[in-house]
Amino acid sequence: MTDAQPGRPTENAMRRALKRARDGVALDTAEAAVLLQARGEQLRDLSASAARVRDAGLEAAGRPGVITYSKKVFIPLTRLCRDRCHYCTFVTVPGKLRREGHGMYLSPDEVVEVARQGAALGCKEALFTLGDRPEDRWPEAREWLDAHGYDDTLAYVRAMAIRVLEETGLLPHLNPGVMSWTDLQRLKPVAPSLGMMLETTATRLWSEPGGPHHGSPDKEPAVRLRVLEDAGRSNVPFTTGVLIGIGESYEERADALFQLRRVQRQYQSIQEVIVQNFRAKPDTAMRAMPDAELEELAACIAVARHILGPAARIQAPPNLVDAEYALIVGAGIDDWGGVSPLTPDHVNPERPWPHIDQLAERTRESGFELRERLTVYPEFIARGEPWLDPRLLPHVRALADPATGLAREDALPEGLPWQEPDEGFTATGRTDLHRTIDTEGRTADRRADFDAVYGDWEALREQAAPGMVPQRIDSDVREALAQAADDPTRLSDDQALALLHADGPALDALCSIADDLRRATVGDEVTYIVTRNINFTNVCYTGCRFCAFAQRRTDADAYTLSLDQVADRAAQAWEVGATEVCMQGGIHPDLPGTAYFDIARAVKERVPGMHVHAFSPMEVVNGASRTGLSIRDWLTAAKEAGLDSIPGTAAEILDDEVRWVLTKGKLPAADWIEVVRTAHELGLRSSSTMMYGHVDQPRHWLGHFRTLAAIQQETGGFTEFVTLPFIHTNAPVYLAGIARPGPTTRDNRAVTAMARVLLHPHITNIQTSWVKLGAEGAAEMLRSGANDLGGTLMEETISRMAGSRYGSYRSIEDLRAIATLAGRPARPRTTLYGEVPAERVAAAEASDGHLPELLPLAD
């Protein structure tokens, strides 16, 4: 590890940076690095301005003059870890645990006993600390988990958090290390807050031999930043922070703070930032490293305050400040973190916690009142949905002061059931939206929490800008056309990009090639399906910025259907010849993970012959995380309940560069792929989709097509590819001035034609959307490589809420007429593109696919 510390800054540089801090001017990285070196009188100047920023933030938060702490117990669930941090004494090895008479993990009874003792002393937080994924390194950890029936360490963490909630009432705060997006979905329902220290963004401390994080896969800064971003996308109140004095330069230290500001600005999810000073420990590789000085700690706290602003909650551990409380308070903290009257600091065991009375007195000497908070900060309690899972609300409300959101200091925790909300499937809200969207329209062009639920729009504009820059194409279009006509499977990426950019005569030639390929592959018949869409709720807080369908539960257009209403709609569809219901809904926080099973079962019990095509990969992940099941086990249970296939929606563009502009909280591309692959392995086939024409470019379309083709070659599970042109009118990302106003006609033709070309011969059915393009537009796509029109739908709310002008329903004759416009015959199909039974054909022909009086349904 090299020493990267530069020389002291010049007096002029320090003077200028201090003045900018005093004046409240935004600092840059270089100025922050200068201020991190303030000492003596310069530090007092810096601290004074930082304290003013802190005080303004406390005033705005409604608790002036208050410094908070959390009364907690420390639960070291396991001291095994796959990482090798060179300063850590918390982590040990299996042999040492055995010699000391300990198990590889605390047993469930040990966990509950620690929590129960803490509850008796008035503690309200159970801090779970553990090593990262020890089963990946230690066979003994894997054996322990297998013997006790847990798939992995995080499954055990989840189970123990539930036991603590139910048996003691303490609120879990989980620090399990690096978590994936899916891991966060698993853990959010069992803990009001989660955490992971960023520590540093100095990659060299991880990558270079001798660095403190060398050999520790979970300490790569990019990996840890991704966790912070995924927590923000998942609406998780998150604790993080920096560890100073481990060999980073002042510039690197400043960069870490600016990275935290970036994440907070974009997602507003960081509930507190810990500034922790390195303390050397015996028997570690860094035992000879000097401790970070307390003035260095104070300078970092003050700079963090200036960078992160008045609304940030900044914390320093009180057992690491050598009783220099006034110095640390004066630098701008507003929280002392967790303090335990029962358990030691297992990470810094040589540093005992101060007694709470002593901490209160020393805080008072600095002019502040010490107040107890919960593990989740008052701001997040006040925000409510979607930051707190409904199953946790009773536990939090039992301990929170309703006026302040701080802890009720006289409250003693008591165990409460951790269970699904009582409401379940109760018909609420505008349940006739499926019918009245075409007659009365939507109440407003945007949901009421438009400015909050999607993240920071300005930060999003900056993020979106690079991806929207058109790419220069130098490939020969004529050569690419020739290759597409001769053997489309041999098109290079450069040739494919040239064709995706084609226009004029070249585009006409491409569409002709695609149409010829369509004819040779599937013939001239245009297929369609008699189906009904059932969107069982539009209450959702995922924050998809392209979606105009999702509503808050209190919005005028919000609704949730009862199970009987879902089954009634399926029965109505069967009466008029439908072979399929397609069911999707918002990620409603009150619906349990088993709700999807109930929906499928309700339809099958009412209409046994109906094909249930339902639940996007996002809904699958939501169901799995809420039930604690693996994706495979959840899909297996859904199949047993009546699920026949899944829609390949929620794909949008399978490129996270685009996805994280389009959506705040939807599943990453890798998770979408995992769900689809798993479904196919279980015999659940799916469609595939791509939504385009927003903040994407043809290079993203190409990557998407290549990904789908690769999956299909592996699984053979896709039934079709569906083109989904972006409907911009009411889409939040368009209303915010970020997205384009949907694709052009050129884009639609190019995407349809290249879907046929690039997915050949793997996905043979290419579907166009009359809902989004209208009859003329759909007919044009049938002349450009498409062979399928989708379904009658009978009701369609999602595109209509977004502003589609083409209605919610097409009769069988309407669909045949679109095929006729393209000069082609039409025939019905099943979901899996099979022949429709004669009885179904007759029922559909008799009604022309019309529901009686078009969807009147008694509630």
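Residues numbered from 1 in each chain as written. Predicted model: local features only at pLDDT ≥ 70, side-chain atom pairs only at ≥ 80, totals over all residues. Heavy atoms only, no water.

Asker: I keep staring at the overall build of the protein and nothing clicks. Help me out?
Answerer: Counting its regular elements, the protein contains 35 helices and 21 strands. Seen through its C-alpha atoms, the protein measures out along the principal axes to roughly 85 × 60 × 55 Å. Taken over 859 residues, the protein has a buried fraction of 63%. Considering only contacts in the protein between residues 6 or more positions apart, those separated by 24 or more positions represent 78%. For the protein, the exposed area adds up to about 30,300 Å²; of that, 50% sits on carbon and sulfur atoms. (Helix = DSSP H or I, 4+ residues; strand = E, 2+ residues; numbered from the N terminus. Buried < 20%, exposed > 50% of the residue type's maximum accessible area, 1.4 Å probe, protein only. Contact = heavy atoms within 4.5 Å. Areas by Shrake-Rupley, 256 points an atom, 1.4 Å probe, with all protein chains shown as cover.)

Asker: Any chance you could explain the pattern of salt bridges here in plain terms?
Answerer: A side chain of one charge can pair with a side chain of the opposite charge when the charged atoms of the two come close. Applying the stated criterion across every chain, the model contains 68 salt bridges. For Glu229, the salt bridge is made with Arg233, and the minimal N-O distance between the two is 3.9 Å. Here Glu229 and its partner Arg233 are both found in helix α10 (residues 221-233), four residues apart, which amounts to about one turn of the helix. Both residues of the pair, Glu229 and Arg233, belong to the buried class. Of the charged contacts, one joins Glu720 and Arg829 as a salt bridge, the two residues approaching to 3.5 Å between their closest N and O atoms. With Glu720 in strand β18 (residues 718-725) and Arg829 in the loop between β21 (826-828) and α35 (838-847), the pair connects residues that are 109 residues apart, well separated along the chain. Members of the salt-bridge network, linked through shared partners, are Arg63, Arg305, Arg313, Asp334 and Glu379. (Salt bridge = Lys/Arg side-chain N within 4 Å of Asp/Glu carboxyl O.)

Asker: What's the story with α10 in this structure? I'm lost.
Answerer: The periodicity of an α-helix, 3.6 residues per turn, causes residues three or four positions apart to be oriented the same way. With 13 residues, α10 extends 18 Å from end C-alpha to end C-alpha; this agrees with the ideal 18 Å at 1.5 Å per step. In terms of burial, α10 is largely enclosed, as ten of its 13 residues are buried. Regarding α10, the residues found buried are Pro221, Arg224, Leu225, Val227, Leu228, Glu229, Asp230, Ala231, Gly232 and Arg233. The inward-facing, buried residues of α10 abut α8 (181-187), α9 (204-207), β5 (238-244), α11 (250-267) and α27 (656-662). Following α10 by one or two positions, Asn235 has its phi on the positive side, about 55 degrees. (Expected span 1.5 Å × (residues − 1).)

Asker: What is the right way to read the environment of Leu491 from this model?
Answerer: Inspection of the secondary structure assignment puts Leu491 in the loop between α20 (477-486) and α21 (493-500). For Leu491, a relative accessible area of 5% puts it in the buried group. Along the backbone, Leu491 and Thr343 are 148 residues apart, and their C-alpha atoms lie at a distance of 64 Å. Here Leu491 is in contact with Ala480, Gln483, Ala484, Leu499, Arg706, Met754, Val757 and Leu758, once residues within four sequence places are set aside.

Asker: Please clarify how the environment of Glu640 should be interpreted in this entry.
Answerer: Counting through the fold element by element, Glu640 comes out in helix α26 (residues 631-641). Of the residues examined, Glu640 reaches a relative accessible area of 68% and is grouped as exposed. Separated by 159 residues in the primary sequence, Glu640 and Leu481 place their C-alpha atoms 47 Å from one another.

Asker: Explain the packing of aromatic side chains to me, please; I cannot follow it from the model alone.
Answerer: The geometry of two aromatic rings is summed up by the distance between their centres and the angle between their planes. If you walk through the whole model with that rule in mind, you get 16 aromatic pairs. Ring plane angle 70 degrees and centroid distance 5.2 Å describe the contact between Phe380 and Trp387, whose orientation is recorded as edge-to-face. A relative accessible area of 3% places Phe380 in the buried class. Here Trp387 falls in the buried class, since its relative accessible area comes to 8%. Through a chain of ring-to-ring contacts, three or more aromatic side chains come together here, namely Phe536, Tyr596, Phe597, Phe615 and Trp634. Its guanidinium or amino end placed over the ring of Trp387, Arg383 lies 4.8 Å from that ring's centre, counting from NZ or CZ. Arg829 extends its terminal NZ or CZ atom over the ring of Tyr833, reaching a point 4.0 Å from the ring centre. (Phe/Tyr/Trp six-rings, centres within 6.5 Å; stacked < 30°, edge-to-face > 60°. Lys NZ or Arg CZ within 6 Å of the ring centre and 35° of its normal.)

Asker: Please explain helix α23 (residues 563-575) as it appears in this structure.
Answerer: Taking 1.5 Å per residue as the helical rise, α23 with its 13 residues ought to reach 18 Å, and the 19 Å between its terminal C-alpha atoms agrees with that figure. By the burial criterion, the buried members of α23 are Gln565, Val566, Ala567, Arg569, Ala570, Ala571, Gln572 and Ala573.

Asker: Can you walk me through the nonpolar core in this structure?
Answerer: Nonpolar side chains tend toward joint burial in soluble globular proteins. If you look at the biggest cluster of nonpolar residues, it comprises 130 residues, and the most contacted ones within it are Met583, Trp672, Phe705 and Met754. For this core, the element with the highest residue contribution is helix α31 (residues 745-759), accounting for eight residues. Met160, Leu174, Leu359 and Phe368 belong to the second-largest nonpolar core, a separate cluster that totals 121 residues. (Core = buried A, V, L, I, M, F, W, Y, C linked by side-chain atoms within 4.5 Å.)

Asker: Help me out: how do you make sense of the packing of α20 against α21 in this one?
Answerer: What describes two packed helices is the angle between their axes and the distance between those same axes. The contact between α20 and α21 brings their axes to 9 Å, and the two run at 105 degrees. When the interaxial angle is binned, α20 and α21 end up roughly perpendicular. Judged by residue contacts, Val477, Glu479, Ala480, Leu481, Gln483 and Ala484 of α20 engage Gln495, Ala498 and Leu499 from α21. Among the residues forming the contact of α20 with α21, the class breakdown is six nonpolar, two polar and one charged. (Axes fitted to C-alpha atoms, helices over the stretch in contact; angles between N-to-C directions. Parallel < 35°, antiparallel > 145°, perpendicular 65-115°, else oblique. Nonpolar A, V, L, I, M, F, W, Y, C, P; charged D, E, K, R; others polar.)

Asker: Would you mind going over the confidence of the model for the protein with me for this structure?
Answerer: Close reading of the predicted structure is inappropriate where its pLDDT is low. For the protein, per-residue confidence averages 91 on the pLDDT scale, and residues scoring 70 or more make up 93% of the total. Taken as a whole, residues 854-859 scores under 50 in pLDDT and shows 16 contacts with residues more than four places along the chain or in a different chain. (pLDDT = per-residue confidence, 0-100.)

Asker: How should the packing of helix α25 (residues 617-627) against helix α28 (residues 669-681) be read in this particular structure?
Answerer: The N-to-C vectors of α25 and α28 enclose an angle of 85 degrees; their axes lie 9 Å apart at closest approach. With respect to α28, the element α25 is oriented roughly perpendicular. For the pair α25 and α28, contact is made by Pro617, Val620 and Val621 and by Trp672, Val675 and Val676, respectively. The residue inventory of the contact of α25 with α28, partitioned by class, reads six nonpolar, no polar and no charged.

Asker: Can you walk me through the environment of Arg313 in this structure?
Answerer: Relative to the assigned elements, Arg313 resides in the loop between α12 (294-308) and β7 (314-315). Residues Arg313 and Leu58, spaced 255 residues apart in sequence, show a C-alpha to C-alpha distance of 9.2 Å. A distance of 3.2 Å separates the side chain of Arg313 from the backbone oxygen of Pro310, its partner in a polar contact. (Polar contact = N/O pair within 3.5 Å; in protein donor to acceptor, adjacent residues only side chain to side chain.)

Asker: Quick question: what am I supposed to make of the state of the cysteines here?
Answerer: As used in these notes, a disulfide is a covalent bond between sulfur atoms, one from each of two cysteines. Applying the stated criterion across every chain, the model contains zero disulfides. Sulfur of Cys300: no disulfide; nearest cysteine sulfur belongs to Cys85 and is 19 Å away. Residue classification places Cys300 among the buried positions, given a relative accessible area of 0%. (Disulfide = S-S within 2.5 Å.)

Asker: Would you take a moment to explain the side chain of Thr129 for this structure?
Answerer: If you trace the backbone, Thr129 turns up in strand β2 (residues 125-130). Discounting residues that sit within four places of it in the chain, Thr129 has contacts with Phe74, Ile75, Pro76, Leu77, Thr78, Phe90, Asn175 and Val347.

Asker: Help me out: how do you make sense of unusual backbone geometry in this one?
Answerer: Note: most peptide bonds trans; most residues except glycine with negative phi. The step from Glu385 to Pro386 runs through a cis peptide bond, and the omega angle for that step is 5 degrees. Inspection of the secondary structure puts Pro386 in the loop between α15 (378-383) and α16 (393-399). Along the chain, His760 connects to Pro761 via a cis peptide bond; the corresponding omega equals 0 degrees. Summarising the element assignment, Pro761 is placed in the loop between α31 and β19 (766-767). Even without being glycine, Ala323 reaches a positive phi, approximately 65 degrees. With respect to the helices, strands and loops of the structure, Ala323 is situated in the loop between β7 and α13 (325-330). In this structure Ala323 comes out as partly exposed when scored by relative accessible area, which is 37%. The backbone of Glu652 shows a phi angle near 50 degrees, a positive value even though the residue is not glycine. Checked against the element boundaries, Glu652 lands in the loop between β16 (645-646) and α27.

Asker: Which parts of the structure should I look at to understand the side chain of Glu296?
Answerer: For Glu296, the position within the fold is in helix α12. On the basis of relative accessibility, which here comes to 10%, the residue Glu296 falls in the buried class. In this view, Glu296 contacts Arg39, Ile244, Tyr250 and Arg253; residues no more than four positions away in its chain are not counted.

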